[in-house]
Amino acid sequence: MDKQERMIFFSDIDDTLVGSDKSMSPETKNALEEFIRRGNVFAVSTGRAAAAAVKLVKNLGFYGKCMISAYNGGQIIDTVNDKTIYRKGIPADVVEEVFESARRFGIHIQTYTDTHVAALEDNEYLRRYSKIQNIPVHVVSDIRSALTQDPCKILAVDYDDPDKVNHFEELVRARYAGCLDAFHSNPAYLEIVPAGVNKGFAIRFLSEYLNIPVSNTISAGDEHNDIQMIETAGIGC
């Protein structure tokens, strides 16, 4: 297939690609496999941690057949060649500052290693998140000591008071403008990422990497962190 004819389909995971039970319908799976068979590219685009995204994609049977944009575009994995092709982290000193800001504000905060969620406190929000995302946790006394590299994302969580998440978003945007971006993946989650990282960036990066025009991209998503992906794609819905 000519590069001008190839397409990339970017899909969010939760409530878009899979249902609440994290399973994919046979119809969706068959359609995606046919899309790939015809020479097109399927890309999972998610705010999830890379480890959680990889696990889910393997369970769905698409690892080795697709691209994964994890952490809202902070880490991009070519599963066909089993390698990370892009990664951008938040400097450890900034991570520490955000954690301290969250402590003073009174909101749960966490970040990520290659394999675990890392947090300073074991609480019901952390345990609930771990169960939903199917990723283990690591509770530490010093967040910097838990990090082997700059993390791609920080997440603020409050399942009970979405307004609290909104107010913390205002604080992060004001205090870290030009360094960090912040947006919701659902009312309970505030995604905090390096400035310029988002799902729209992932479309532009993978289009260049695969030599496929952005105009030949399609995207589907249903949350605030999908907006830039929908606006960037040739066809967004």
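Each residue is numbered by its place in its chain's sequence as written, counting from 1. Totals for whole chains, interfaces and linings use all residues, but because this is a predicted model, local features are given only for residues with pLDDT of at least 70 and pairs of side-chain atoms are given and counted only at 80 or more. No hydrogens and no water enter the side-chain calculation; it runs on all heavy atoms of the structure.

*Asks:* Sorry, what's going on with the state of the cysteines here?
*Replies:* In protein structure, a disulfide is the covalent linkage between the sulfur atoms of two cysteines. The rule for a disulfide is simple: a pair of cysteine sulfur atoms within 2.5 Å. With the rule as written, the count across this model stands at zero disulfides. The thiol sulfur of C66 is not disulfide-bonded, and the nearest other cysteine sulfur, from C152, lies at 17 Å. C152 forms no disulfide, and the closest cysteine sulfur to it belongs to C179, at a distance of 14 Å.

*Asks:* How should I be thinking about a negative patch on the surface in this particular structure?
*Replies:* Surface patches are defined over residues having more than 30% relative accessible area and no salt bridge, joining like charges when they lie within 9 Å and nonpolar side chains (Val, Leu, Ile, Met, Phe, Trp, Tyr) when within 5 Å. In this description, accessible areas are obtained by the Shrake-Rupley approach with a 1.4 Å probe, and a residue is regarded as covered only by the protein chains that are shown. By convention in these notes, a salt bridge is any Lys or Arg side-chain nitrogen within 4 Å of a carboxyl oxygen on Asp or Glu. In this tally Asp and Glu are treated as negative and Lys and Arg as positive; neither His nor the chain ends contributes. The atoms used to mark charge sites are NZ of Lys, CZ of Arg, CG of Asp and CD of Glu. A surface patch of like charges, here negative, comprises E124, D160, D161 and D163. The cut-offs for exposure are 20% and 50% of the maximum accessible area for each residue type, with area from a 1.4 Å probe on protein chains only; residues under the lower value are buried, those over the upper are exposed, and the others partly exposed. Judged by its relative accessible area of 56%, D160 is exposed.

*Asks:* Hey, could you run me through the packing of aromatic side chains in this one?
*Replies:* Two numbers describe a pair of aromatic rings. These are the distance of the centres and the angle of the planes. Aromatic pairs are defined between Phe, Tyr and Trp rings, using the six-membered ring for Trp, whenever the two ring centres lie within 6.5 Å; interplanar angles under 30 degrees are classed as stacked, those over 60 as edge-to-face, and all others as tilted. A full pass over the atoms with the stated rule returns 13 aromatic pairs. Taking the centre distance of 6.2 Å and the plane angle of 10° together, the rings of F205 and Y209 count as stacked. Separated by four residues within a single helix, F205 and Y209 lie in helix α7 (residues 199–210), roughly one turn from each other. Ring-pair connections join several aromatic residues into one group, and the members of that group are Y71, Y112, Y125, Y129, Y159 and Y189. The rule is short: NZ of Lys or CZ of Arg within 6 Å of the ring centre and within 35 degrees of the ring normal puts a charge over the ring. The ring centre of Y63 lies 5.0 Å from the NZ or CZ of K58, which sits over that ring. For the cation-ring pair, K65 lies above F62, with the distance from its terminal atom to the ring centre recorded as 5.6 Å. Under the DSSP-based scheme used, a helix requires at least four consecutive residues in state H or I and a strand at least two consecutive residues in state E, with every element numbered from the N terminus.

*Asks:* Looking at this structure, I do not really get the sheet that holds strand β4 (residues 75–78). What am I missing?
*Replies:* For sheets, the rule is that strands pair by backbone hydrogen bonds, running either parallel or antiparallel. The mixed open sheet is built from seven strands, whose spatial order is β5-β4-β3-β2-β1-β12-β13. Two strands bound the open sheet, and with one partner strand each, they are β5 (83–87) and β13 (235–236). Across four bridges, the pairing between strand β1 (residues 8–11) and strand β2 (residues 41–45) is parallel. Bridging from a neighbouring strand, F9 pairs with F42 of β2. We call two strands paired when DSSP finds no fewer than two bridges between them.

*Asks:* When you look at helix α4 (residues 124–133) in this model, what are you seeing that I'm missing?
*Replies:* Where α4 is concerned, the buried positions are Y125, L126, Y129, S130 and Q133. Down the axis of α4, the buried set is contained in an arc of 135°. They therefore lie on one face. Among the exposed residues of α4, those pointing more than 90 degrees away from its buried face are E124 and K131. Elements in contact with the buried residues of α4: α2 (50–60), β6 (108–112), β7 (117–119), β8 (137–139), β9 (154–157) and β11 (189–194). In this description, the arc belongs to the directions extending from the helix axis to the C-beta atoms. Any pair of residues with heavy atoms lying within 4.5 Å of one another is described as a contacting pair.

*Asks:* How should the pattern of salt bridges be read in this particular structure?
*Replies:* Should the charged atoms of two oppositely charged side chains come close, the side chains can pair. If you walk through the whole model with that rule in mind, you get 13 salt bridges. Measuring nitrogen to oxygen at the nearest pair gives 2.9 Å for the salt bridge that ties D122 to R127. R127 sits in the partly exposed class, given a relative accessible area of 47%. Here K153 and E191 are joined by a salt bridge, their closest N and O atoms 2.8 Å apart.

*Asks:* It is not clear to me how the sheet that holds β9 should be interpreted in this structure. Could you clarify?
*Replies:* On the basis of which strands lie adjacent, the open sheet formed by six strands has the order β8-β7-β6-β9-β11-β10 and mixed pairing. This sheet does not close on itself; its edge strands, each paired only once, are β8 and β10 (180–186). Across the sheet, the mean angle from the axis of one strand to that of its neighbour is 30°, orientation sign disregarded. Note on geometry: axes are C-alpha line fits, over the in-contact stretch for helices, and angles between N-to-C directions span 0 to 180 degrees. Running over the sheet, helix α3 (residues 92–105) touches β6, β7, β9, β10 and β11 and is turned about 160° from β6. With respect to the sheet, α4 is in contact with β6, β7, β8, β9 and β11, its orientation differing from that of β6 by roughly 45°.

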